[in-house]
Amino acid sequence: ANLDSIPGLAGRISTVLPAADASVLTAEALIGQIERDVEFHLSRWPGLNMPHLSLLRDHLARVLRQKARTEAMNSSSQEELVSLIQECESLLEALVQWMLERWPMGDIVWPHDGQNRRAAEDLLSMVPIRARLPNTCRALLAGQNFRDVRLAAQRRDRAFKALLFASLLATHSHQDHPLRELDETQLQWDRLFALIDMRNKGSHASGKRLQRGHVLSEVDFAIAWFTNFSKYF
């Protein structure tokens, strides 16, 4: 049974499980504890055990494991923090790929190949979604080449922004598309795009350092963003 379908069950189970102090666990014991915690978390969504959702499950499990390892350590290197953000981005990419598979993009009249920001922004301004895109986010998506957006819809192998652009256009063809139903408090477009940009800001070339507390907060946001779509699994 889905834990979320029985109010308070997950909390009652967690209170009787032994809470191990990560600081006194051996490396092997810590790994075992993390694996148990991850499996317990994943049990909230039994639908993820379906073969066609195995990629989503794998990506979510990797995020949960790496988050738990980071929380268990007193400090984290920049490489570890960048890797954790990258895992979050991979999870979100897999989610939008799944979205395009379940709700494919219909026929779109494209202005022409290439990058035409005005035409792209016009397309995005007309998508029938409840949580409207802020101007800054629409401008970022409008920077995608139309060819990449088409390939994202067809092959689902492009970068996140192209995949999301295609998913937004797919809302025209599907009344039950989740992006038509979710609201601003759930999608938080500005924060989502800031998360997608965090890996670049944390690279050595940028000269900026990622802060551990901020990264862990954004990981929680990525998991919550994923959870918004769980009722559709």
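Everything here concerns the structure above.
In this convention, every chain numbers its residues from 1, walking through the sequence in written order. Where local features are concerned, this predicted model is filtered to residues with pLDDT of at least 70; where side-chain atom pairs are given and counted, the filter is 80 or more; whole-chain, interface and lining totals use all residues. Excluded from the side-chain calculations are hydrogens and water; all other atoms, namely the structure's heavy atoms, are used.

Considerations on the overall build of the chain
Using the following cut-off: The numbering of helices and of strands both runs from the N terminus, where a helix is a DSSP run of H or I of at least 4 residues and a strand a run of E of at least 2. Classification of residues uses two cut-offs on accessible area relative to the type maximum, computed with a 1.4 Å probe and protein chains only: under 20% is buried, over 50% is exposed, and between them is partly exposed. In this description, contact between two residues means that some pair of their heavy atoms is separated by no more than 4.5 Å. Only the protein chains shown count as cover for residues, and all accessible areas are computed by the Shrake-Rupley method using a 1.4 Å probe.
For the chain, the helix and strand inventory stands at 12 helices and zero strands. Seen in sequence order, the chain has helices and strands lined up from the N terminus as α-α-α-α-α-α-α-α-α-α-α-α. Each of the 233 residues in the chain was classed as buried or not, and the buried ones make up 42%. Counting only contacts in the chain whose residues sit at least 6 apart along the sequence, the fraction spanning at least 24 positions is 71%. Taken as a whole, the chain presents about 12,100 Å² of accessible surface, with 50% of it coming from carbon and sulfur.

Comments concerning the packing of aromatic side chains
Our working definition: The criterion for an aromatic pair is that two Phe, Tyr or Trp rings (for Trp, the six-membered ring) have centres within 6.5 Å, with stacked assigned to planes under 30 degrees apart, edge-to-face to planes over 60 apart and tilted to the rest.
Inspection of every chain in the model, using the stated rule, returns seven aromatic pairs. Where Trp45 meets Phe226, the ring centres are 6.0 Å apart and the plane angle is 75°; that geometry is what we call edge-to-face. Highlighted residues: Trp45 in the loop between α2 (27-42) and α3 (54-72) and Phe226 in helix α12 (residues 212-227), separated in sequence by 181 residues. The buried category is assigned to Phe226, whose relative accessible area is 0%. Here a set of aromatic residues connected by ring pairs shows up, and it is made of Trp45, Trp98, Trp103, Phe226, Tyr232 and Phe233.

Brief notes about the environment of Gln144
Looking at the secondary structure, you find Gln144 in the loop between α6 (135-142) and α7 (146-155). Separated by 28 residues in sequence, Gln144 and Asn116 place their C-alpha atoms 8.6 Å apart.

A short note on the nonpolar core
Condition: For our purposes a nonpolar core is just a set of buried Ala, Val, Leu, Ile, Met, Phe, Trp, Tyr and Cys residues, chained together by side-chain atoms within 4.5 Å.
In terms of nonpolar packing, the biggest core is built from 72 residues, with Trp98, Leu168, Trp189, Trp225 and Phe229 touching the most fellow members. The contact partners of Phe229, leaving out residues within four places of it in the chain, are Leu95, Trp98, Met99, Pro178, Leu179, Leu182 and Leu187.

A few points about unusual backbone geometry
One non-glycine residue, Arg156, adopts positive backbone phi at about 55°. Inspection of the secondary structure puts Arg156 in the loop between α7 and α8 (160-170). Given the relative accessible area of 28%, Arg156 is considered partly exposed. Residue Gln188 is not a glycine yet carries a positive backbone phi of 40°. Note that Gln188 resides in the loop between α10 (184-187) and α11 (189-201). Looking at Gln188, the relative accessible area reads 31%, which means it is partly exposed.

Considerations on the environment of Ala222
One can find Ala222 in helix α12. In this structure the C-alpha to C-alpha distance between Ala222 and Leu92, which are 130 residues apart in sequence, comes to 7.4 Å. The contacts of Ala222, once residues within four sequence positions are left out, are Cys88, Leu92 and Leu195.

Here we look at the side chain of Glu87
The topology assignment puts Glu87 in helix α4 (residues 78-102). Residues in contact with Glu87, not counting those within four places in the same chain, are Arg62, Val63 and Gln66.

Some points on the packing of α3 against α12
Quick reminder of the rule: What counts as an axis is a line fitted to C-alpha atoms, over the stretch in contact for a helix, and the angles between N-to-C directions run from 0 to 180 degrees. Oblique is the label for every angle not falling under 35 degrees (roughly parallel), over 145 degrees (roughly antiparallel), or within 65 to 115 degrees (roughly perpendicular). Left-handed is the label given to a crossing in which the near helix is rotated counterclockwise from the far helix by less than a right angle, and right-handed is the label when the rotation is clockwise.
Where α3 contacts α12, the two axes come as close as 11 Å, and the packing angle between them is 155°. Considering their axes alone, α3 and α12 lie roughly antiparallel with respect to each other. Like other packed secondary-structure pairs, α3 and α12 cross with a definite hand, here left-handed. Contact with α3, carried on its side by Leu56, Leu60, Val63, Leu64, Lys67, Thr70 and Glu71, involves Arg212, Leu216, Val219, Asp220, Ile223 and Phe226 of α12 and no other residues of that element.

Some words on the packing of α4 against α12
At their nearest, the axes of α4 and α12 sit 10 Å apart, and the two run at 15° to each other. Judged on the interaxial angle alone, α12 and α4 are roughly parallel. Both α4 and α12 take part in a crossing whose hand is left-handed. For the pair α4 and α12, the contacting residues are Leu81, Leu84, Ile85, Cys88, Leu91, Leu92 and Leu95 in the first and Arg212, Val215, Leu216, Val219, Ala222, Trp225 and Phe226 in the second.

So far we have only geometry, and geometry alone does not tell us how the molecule works.
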